[in-house]
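A structural walkthrough
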Amino acid sequence: MNDILRDIGIRLKNWRKEQHLTQADAAALLEMSLNFYGDIERGKCRLSIEKIVLAYEKLGIDPTYLLTGEQHPTVGFYDIIKDCPKDKVFDMEQIVRYASNLYRNDRKL
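Note that the structure is a prediction, hence the values are computed from the model and not measured. Counting restarts for each chain: residues are numbered from 1 in the order of the written sequence. Under the rules for a predicted model, residues below a pLDDT of 70 receive no local features and side-chain atom pairs below 80 are neither given nor counted, while totals for whole chains, interfaces and linings still include all residues. Where side-chain values are given, they derive from all heavy atoms of the structure, hydrogens and water being excluded.

With respect to the overall build of the chain
Within the chain, the secondary structure is distributed over seven helices and zero strands. Going from N to C terminus, the chain has its helices and strands arranged as α-α-α-α-α-α-α. Classification of residues uses two cut-offs on accessible area relative to the type maximum, computed with a 1.4 Å probe and protein chains only: under 20% is buried, over 50% is exposed, and between them is partly exposed. Counting only residues that meet the buried cut, the chain has 26% of its 109 residues in that class. Residue pairs at least 24 apart in sequence account for 45% of intrachain contacts in the chain once pairs closer than 6 positions are excluded. Accessible surface for the chain amounts to roughly 8000 Å². Of this, 54% is attributable to carbon and sulfur atoms. Under the scheme used here, helices are H or I runs from DSSP no shorter than 4 residues and strands are E runs no shorter than 2 residues, and both carry numbers assigned from the N terminus. We call two residues in contact when some of their heavy atoms are within 4.5 Å. Calculation of accessible area relied on Shrake-Rupley with a 1.4 Å probe; when residues are assessed, cover is drawn exclusively from the protein chains displayed.

In structure tokens:
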């Protein structure tokens, strides 16, 4: 179990650093104390299910990645439209832009 907690902590720390967040920033977003957050990164404490869901909702961390290290393949825009009929490409671009804007606006709330 200690190896699992350590690995989760390492993934959380790496993600935090990629996002240029401090431990205090991440702790605040996850609604926990700085000390507790630090203990999670060091593998001394475990994240509750509620905090894993919060990490997904507020930080965008995939729970599967956080728990197992497995990453889902990213589907890019061009993967989506490669089989789209030529006369529908513009419409598809607009749909993707709209969805992207909705996602960004929702994450700011």
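Notes on the packing of helix H1 (residues 2–18) against helix H3 (residues 34–41)
Interaxial angle, 0 to 180 degrees, is taken between N-to-C directions of lines fitted to C-alpha atoms, where a helix line uses only the stretch in contact. Their axes nearest at 7 Å, the elements H1 and H3 cross at an angle of 115°. For the element pair H1 / H3, the angle class is roughly perpendicular. Here Leu 5, Gly 9, Ile 10, Leu 12, Lys 13 and Arg 16 of H1 lie close against H3, whose contacting residues are Tyr 37, Ile 40 and Glu 41. Each residue is assigned to one class: nonpolar for Ala, Val, Leu, Ile, Met, Phe, Trp, Tyr, Cys and Pro, charged for Asp, Glu, Lys and Arg, and polar for all the others, Gly among them. Looking at the contact of H1 with H3, its residues break down into five nonpolar, one polar and three charged. Orientation is classified from the angle alone, with under 35 degrees giving roughly parallel, over 145 giving roughly antiparallel, 65 to 115 giving roughly perpendicular, and any other angle giving oblique.

Re unusual backbone geometry
One non-glycine residue with positive phi stands out, namely His 20, at about 60°. When you line up the elements, His 20 lands in the loop between H1 and helix H2 (23–29). Non-glycine residue Glu 31 carries a positive phi angle of around 55°. Here Glu 31 shows up in the loop between H2 and H3.

Looking at the nonpolar core
Residues Leu 30, Met 32, Tyr 37, Leu 47, Ile 61 and Leu 66 are the most contacted members of the largest nonpolar core, which totals 17 residues. Elements that contribute at least two residues to this core include exactly H1, H2, H3, helix H4 (49–59) and helix H5 (63–68). Of all the elements, H4 adds the most residues to this core, at four residues. Among all residues touching Leu 47, those that are not within four sequence positions of it are Ile 8, Met 32, Ile 40, Ile 52 and Leu 66. Grouping buried Ala, Val, Leu, Ile, Met, Phe, Trp, Tyr and Cys residues that are joined through side-chain atoms within 4.5 Å yields what is termed a nonpolar core.

Observations concerning the pattern of salt bridges
Salt-bridge detection follows one rule: a side-chain nitrogen of Lys or Arg within 4 Å of a carboxyl oxygen of Asp or Glu. This model, assessed by the stated rule, comprises five salt bridges. The closest approach of N and O atoms between Asp 7 and Arg 6, which form a salt bridge, is 3.0 Å. The class of Asp 7 is partly exposed, set by a relative accessible area of 28%. Across the pair Glu 31 and Lys 58 runs a salt bridge, and its minimum N-O distance is 2.9 Å. On the criterion of sequence distance, the pair formed by Glu 31 in the loop between H2 and H3 and Lys 58 in helix H4 is long-range, its members being 27 residues apart. Residue Lys 58 is classed as partly exposed on the basis of its relative accessible area, which comes to 38%. Among the ionic contacts, a cluster of salt bridges with common partners joins Asp 3, Arg 6 and Asp 7.

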